[in-house]
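Letter by letter, the chains look like this.
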Amino acid sequence: LYIGGDFVSVSGETRERLASLNKTTGALNPLSISINNSVYGLDKIGDELFFAGFFTEVEDTERLRAASYNLNTSELGDFNPKLDAAARAIVSNPSGLWIAGDFTRIGFEERNNFAAIIAGTNDILDINNGSGFTNGGVFDIEFNEEIIYLSGNFSVLNGETRNRLAAISRSDGSLLPFNPDVSGSVINDMELVENTLYVGGSFSSIGGIAREDLAEINLPDGTVGDLNIPANSTIETLEISGSTLYL
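Read on for an overview of the structure. (Residues numbered from 1 in each chain as written. Predicted model: local features only at pLDDT ≥ 70, side-chain atom pairs only at ≥ 80, totals over all residues. Heavy atoms only, no water.)

Along the chain, Ser151 falls in strand S17 (residues 147–152). According to the relative accessible area criterion, Ser151 is buried, its value standing at 0%. A polar atom in the side chain of Ser151 sits 3.2 Å from the backbone oxygen of Ile187. Ignoring any residue separated from it by four or fewer positions in sequence, one finds Ser151 in contact with Gly137, Val138, Phe139, Asp140, Arg164, Leu165, Ile187, Asn188, Asp189 and Met190. (Helix = DSSP H or I, 4+ residues; strand = E, 2+ residues; numbered from the N terminus. Buried < 20%, exposed > 50% of the residue type's maximum accessible area, 1.4 Å probe, protein only. Polar contact = N/O pair within 3.5 Å; in protein donor to acceptor, adjacent residues only side chain to side chain. Contact = heavy atoms within 4.5 Å.)

Rendered as structure tokens:
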């Protein structure tokens, strides 16, 4: 189990913003990487661990908000897309690495809060190849077949109203009709299970139906599901294991 955040120690041992734990016992594993600021997103492809956040250096080497580390060789990877502001999520699929956050540029190219990158080359894909993608940060990404679901604190996507949740085509980035209409400040995290999207954040209703900070949304129509467990404060993270939802 790999964890990232704003910590500098785990179980009394130095671990700067990233650590590895035994999934069964919770014991701390030897992995120790020096990172100079917060880690918000993690993903693993083979032996390569990709991570993203607020940092600008990893192992005393420049890595602007996104980086990789080879778990087999214990060496910093070449992945360095050079974001100009924070990344909040990094997710892999066969077409590349998808990064979301508060940035406006990757390297010398405009990418407003969301982008796709080929991990081995740092090449940026043409999805969202302009500056007008969203008017606020994108905090999480989920995939369902050919659809990409995005959440954050935005209210406009590609010039159309999409309050905190939206969906785009994975093939060309075009905006899809999905529009649950969240009333609140942010959707921080999502978990997708078959035809249900679980969302957590800071909100009071979705589609006019009262839901406090936690909800389930039916796909593909975007209607609100039966789950109704009011939370008394913002939900930052969701995780599903089997039939259990952790928050």
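More follows now that the structure is in view.
A separate point is the sheet that holds strand S10 (residues 75–76). Spatial strand order, S5-S6-S9-S10: 4 strands in an open sheet with antiparallel pairing. Looking along the sheet, the strands with just one partner apiece sit at the ends: strand S5 (39–45) and S10. For strand S6 (residues 48–53) and strand S9 (residues 66–70), the ladder comprises 5 bridges, and the chain directions are antiparallel. Residue pairing across strands places Phe51 opposite Ala67, the latter belonging to S9. (Pairing = 2+ DSSP bridges.)

We now examine the pairing of strand S16 (residues 138–144). Most of S16 sits inside the fold, with 7 of its 7 residues counted as buried. As judged from the 6 bridges shared by S16 and S17, these two strands associate in the antiparallel manner. From the neighbouring strand, Ile141 faces S17, where its bridge partner is Leu150. The antiparallel pairing of S16 with S17 creates a hairpin that spans 2 residues between the two strands, and Glu145 there sits at a positive phi of about 55 degrees.

Quick look at the layout of surface pockets now. Put simply, the largest pocket is a space of about 1200 Å³. Residue assignment for the lining of the largest pocket shows that the elements contributing at least two residues are strand S1 (2–4), S5, strand S11 (87–93), S16, strand S21 (182–193) and strand S25 (239–241). No other element matches the 6 residues that S5 contributes to the lining of the largest pocket. A per-class count over the lining of the largest pocket returns 16 nonpolar, 5 polar and 10 charged. (1 Å grid on protein atoms, 1.4 Å probe; cavity = no way out; pocket = protein on both sides within 12 Å on 5 of 7 lines; lining within 4 Å. Points joined across faces, edges and corners; volume = space filled by probe spheres on them. Nonpolar A, V, L, I, M, F, W, Y, C, P; charged D, E, K, R; others polar.)

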